[in-house]
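Descriptive structure summary
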Amino acid sequence: MTIRYLILILIFVAPHWLGAQSTEVTVSGTVLDKESNEALPFVNVVLRYSNDSSFVTGTVSNDEGLFSLEKIKPGDYILQLSFVGYSPKYQSLYVGNTSPFLDLGKISISQNTQELTEVVVSGKQDDVSGKMDKKTYEVDDNISQQGGSVLQTMQNLPGVTIEDGKVLLRGNANVIILIDGKQSALTGFGNQSGLENIPASAIDRIEIINNPSAKYDANGSAGIINIILKKEEQKGFNGKIGLTGGLGALWIKKQNLPTIRDQYQFTPKINPSLSINYRKKDINLFLQADYLYTQTLNKNEFVTRTYDDGTVIQQQTMRNRNTGFLTSKIGFDWNINDKNTFTLFGLYGSEDIIDNGDEPFFNADLSERTRLWRFLEDELKTTVVGSATYLHKFKQAGHQLSFNTNYTFHRENEQYYFQNIFPTYTGLDTFKLISDEQVLDFSADYTKPLKFGKLEGGLKFRDRIIPTNMLFIPGLNSQIDSAAGGWADYKEIIPALYGNYVFQNKKFDAEVGLRMEYVQVNYLVNPDHPTYKSDGYDYIQPFPNVRFGLRLNDNNKLSIAYNRRVNRPNEVDIRIFPKYDDAEIVKVGNPALQPQFTNKAELGYKLNIEKGYFYAALYGQMTDATITRIAATVPGNTIIYNVFQNAGKSYNAGFEVAFSKDLAKWFTLNLNGNAYYNQIDEFTVINKYPITDTITIALQSTYSGNGKMNAIFHLKKELDIQLTAIYLAPDIIPQGKIGTRFSLDLGIQKSIQKGKGLLFLNATDLLNTMVIKQEFTGDGFSYSSTNYYETQVVRFGYKYRF
């Protein structure tokens, strides 16, 4: 019970570091004549530092008395206004960091009065660079992962771990991936997909948001990762080109079991990229295109299954994968006038995957092969996105209203061909799947800067439909459940409203937001399906976020926050069709799956030090109706069925620390550690596939964590070296645990051609130590697995900016 009480305390009383701080702020206001209350043009507006009155920047008011000072760092200042025939006015000013815009409102100056004495307010500039719930990382700064995929880049980021191709934040996989602030079929609507194939060369930066505000969709209890695509905005013609090549699987980690095809070795990688921008007058044209081709030993898993009747089965799943991924984005920005902007762009993605796999099954001592399951998967994913945005800027800087609409089409065309090879016969099985996802999104967002913060509000509407059709063609003595095929339609409607208020002065800051969300999901199932029937769910729920911050001094800050999130079941989680890429560990969806709701809180502390910072956070969350996958067997059969279920209550609490400092001109050290406790209460569920069965799982709990080190050496002649070490402690997974993992990455880059060119060389998992070990225990069986998949890759590349 202790962990529950700890999390409850955190949720209701714990400080937290929420909301990204702005490192540059636009300060605006309106100058009026005090007597007539009329706007005054051409007033000199000067900003000075409060500690020594030195000049920072200046401007003059326009015909309507409006002025705007851009790129102001957070801190203490003096605002000076002067105009012929008027007395100068001096006003102390604190610029905070919770909003990129600060509106001072109306400022009146008087005619023919005694000149005021300059007011000097003592204080120092606030050096806090970020609240650490929104952490921004430039992809080009990640030397050891350049030329790879987005997924490979993310594994080096603080607080992020990668498990079975999924991104975890603080040990939690319920992460929503956005592209340019919006959900996309490229990365999945509500789930994670395709990250291992999106080239990092297409990405400008990555934002990690552990506790999103009400402005964001409520889905994703662990947080949000926002991928910002590259887009040049310089005047004239400019851009960037790049080419990366590499080799993976440089040596064999573990030899195959007998009688199967060779596993991939010396796998080639190639990644050309192009970014072009042309800006002239009111039009900005942009194009981004990237292609990533890889051969990969995608899976090389050795499994030992042991059953209560004494049966032992040894198996290996070896999957050689060829992938070609093309992504392109083209569009334009049209500045209609200084108050109105229209942006239109299209995005196209094509992912072609060819898998050749062998899965042999042996007896306990490997003296007899009982079966060989050989498969070819040919999968083509096509994504088309169209987006239009209209932005209206009011007179006040930062005061704006925007409308956005997005249409997404995503086709999944998947074909599997199986050879079911036994000593006395060979069966040929086939299944084909077509899924056409269509999503229409509309949103409106309003922002109003205030003197001490900002006000945000908006609405969003989504209409999403995914018709899916599965055709099973069984062969001789087939194990495929051909009756479980047919059609299924997923339909989702989500209207939502949100409001958010941010306040900040020199000592305190606060944020209060509420998102009201209605969700209706209908999953229509082929009436001939032997097990599942049509199902769905709906809810209308509030999702609040609250934060209160205290600035102790210029270098120390505390904050308290709470928010509520949801994880809606992914369409693939409820998909009714069994999947046979592993012949004897079969995955099946569950149309009766319900959303899980999470309450979370954090306590954070940030200390700025010279040329660096120290950050610490205590966090916790409680989840109802936890979504997890349950493994079970049926009497008289050794096949294991993995089915998604709602498992009841789960808890997560932990402590994260981060340290970054330039220890010398030539050396920067970044350290990140995360320790946490995970618990899933005992629960009982009813599996309906392939037969109805009641399953009870005992309480699971463990202490786990991870640590990362980035050491960056800045040598002479613009040569940089980065060394990255990653350690992942053992952790719990549904019905089991995952073992320790470790890797060491190395990257070298050199700037050439007067800074326009860049050469780089890097190696991931330099020592080839990243191996995934897992153990599972079910009713009547247990199994252990070790996956020696490809992790070691060496890349060499060149980039040129023009």
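Structural data are supplied above this passage.
Residues numbered from 1 in each chain as written. Predicted model: local features only at pLDDT ≥ 70, side-chain atom pairs only at ≥ 80, totals over all residues. Heavy atoms only, no water.

**Focus: the overall build of the protein**
The following threshold applies: To qualify as a helix, a DSSP run of H or I must reach at least 4 residues; to qualify as a strand, a run of E must reach at least 2; elements of each kind are numbered from the N terminus. For each residue, the accessible area found with a 1.4 Å probe, counting protein chains only, is set against the maximum for its type, and the residue is called buried under 20%, exposed over 50%, and partly exposed in between. The contact criterion used is simple: two residues touch if any of their non-hydrogen atoms lie within 4.5 Å. Charged residues are defined narrowly, with Lys and Arg counted positive, Asp and Glu counted negative, and His plus the chain ends left uncounted. Charged groups are reduced to one reference atom each: NZ for lysine, CZ for arginine, CG for aspartic acid, CD for glutamic acid.
Secondary structure summary: the protein contains three helices and 45 strands in total. Referenced to the eigenvectors of the C-alpha coordinate spread, the extents of the protein come out at roughly 105 × 55 × 50 Å. Every one of the 802 residues in the protein was classed for burial, and the buried ones make up 55%. Restricting the contact set of the protein to residue pairs at least 6 apart, pairs at least 24 apart contribute 69%. Looking at charge distribution, the protein has the averaged site of its 81 positive side-chain charges lying 6 Å from that of its 85 negative ones.

**Side note on empty space enclosed by the protein**
Which entries qualify depends on this criterion: Buriedness of a pocket was judged along seven lines, with at least five required to meet protein on both sides within 12 Å; pockets are open sets of points on a 1 Å grid over the protein atoms alone, cavities are sets where a 1.4 Å probe fits but cannot get out, and lining residues have an atom within 4 Å of a point. Grid points are joined across faces, edges and corners, and a volume is the space filled by probe spheres set on the points. Residues are grouped as follows: Ala, Val, Leu, Ile, Met, Phe, Trp, Tyr, Cys and Pro are nonpolar; Asp, Glu, Lys and Arg are charged; every other residue, Gly included, is polar.
For the coordinates displayed, the defined rule picks out 16 cavities of 30 Å³ or more. Around the second largest cavity, the lining comprises 14 residues; the ones closest to its centre are Gly 96, Leu 102, Lys 451, Gly 453 and Gln 504. For the lining of the second largest cavity, the per-class residue count stands at five nonpolar, seven polar and two charged.

**A word on the pattern of salt bridges**
It is possible for side chains of opposite charge to pair when their charged atoms get near one another. As a reminder, the rule being used: We define a salt bridge as a contact between a side-chain nitrogen of Lys or Arg and a carboxyl oxygen of Asp or Glu at a distance within 4 Å.
Going through the model one piece at a time under the given rule, you end up with 31 salt bridges. A salt bridge links Arg 170 to Glu 602, with the nearest nitrogen and oxygen atoms 2.3 Å apart. On the criterion of sequence distance, the pair formed by Arg 170 in the loop between strand E10 (166–169) and strand E11 (175–179) and Glu 602 in strand E29 (residues 596–609) is long-range, its members being 432 residues apart. As far as the burial class goes, Arg 170 and Glu 602 line up, both buried. With a closest N to O distance of 3.8 Å, Arg 319 and Asp 581 form a salt bridge. Of this pair, Arg 319 sits in strand E18 (residues 312–337) while Asp 581 sits in the loop between helix H3 (571–574) and strand E28 (585–588), and the two are 262 residues apart along the sequence. You can call Arg 319 buried: its relative accessible area is 12%. Asp 581 gets classed as buried once you look at its relative accessible area, which sits at 12%.

**Here we look at the nonpolar core**
The following threshold applies: Among buried residues, the Ala, Val, Leu, Ile, Met, Phe, Trp, Tyr and Cys ones that are joined through side-chain atoms within 4.5 Å form a nonpolar core.
Counting residues in hydrophobic clusters, the biggest one holds 53 residues, and the most contacted among them are Phe 418 and Tyr 580. Other than its neighbours up to four places away in sequence, Phe 418 contacts Trp 373, Arg 374, Phe 375, Gly 427, Leu 428, Asp 429, Phe 431, Ile 480 and Tyr 580. In terms of nonpolar packing, the next biggest core, distinct from the first, is built from 29 residues, Val 160, Leu 195, Ile 198 and Ile 203 among them.

**As for the environment of Thr 267**
Using the following cut-off: Contacts described as polar in this section are N or O atom pairs within 3.5 Å, which, within protein, must combine one atom able to donate a hydrogen with one able to accept it, while residues neighboring in sequence count only if both atoms come from side chains.
When you line up the elements, Thr 267 lands in strand E16 (residues 267–280). On the basis of relative accessible area, Thr 267 is assigned to the buried category, the value being 1%. Distance in space between the C-alpha atoms of Thr 267 and Tyr 446 is 50 Å, their sequence separation being 179 residues. When sequence neighbours within four positions are dropped, the list of residues in contact with Thr 267 reads Gly 246, Leu 247, Gly 248, Ala 249, Gln 295, Thr 296, Leu 297 and Glu 790. A distance of 3.2 Å separates a polar atom in the side chain of Thr 267 from a polar atom in the side chain of Lys 269.

**With respect to the layout of surface pockets**
Roughly 250 Å³ of internal volume is contained in the second largest pocket. Lining of the second largest pocket is provided by 16 residues; of these, Thr 633, Val 634, Pro 635, Asn 637 and Asp 779 occupy positions nearest its centre. Residue composition of the lining of the second largest pocket, by class: six nonpolar, six polar and four charged.

**A few points about the sheet that holds strand E4 (residues 66–72)**
Threshold: Following DSSP output, two strands are said to pair if at least two bridges run between them. Note on method: axes are straight lines fitted to C-alpha atoms, helices fitted across the in-contact stretch only, with angles between N-to-C directions ranging 0 to 180 degrees.
If you trace the three strands from one edge of the open sheet to the other, you get E4-E1-E7, paired in mixed fashion. The sheet is open, and its two borders are formed by E4 and strand E7 (101–109), each paired with just one other strand. Ignoring strand direction, the axes of neighbouring strands in this sheet form an average angle of 20 degrees. Bridging between strand E1 (residues 25–33) and E4 involves five bridges; their strand directions are antiparallel. When the sheet's bridge partners are listed, Val 27 is paired in E4 with Leu 69.

**A closer look at the sheet that holds strand E32 (residues 640–646)**
Spatial ordering of the open sheet is given by E28-E32-E31, a layout of three strands whose pairing is mixed. Since the sheet does not close on itself, it has two edges, and those belong to E28 and strand E31 (627–632), each with one partner. Across this sheet, the average inter-strand angle for adjacent strands is 30 degrees, counted without regard to direction. Pairing of E28 with E32, which is carried by four bridges, proceeds in the parallel orientation. Bridging from a neighbouring strand, Val 588 pairs with Val 643 of E32.

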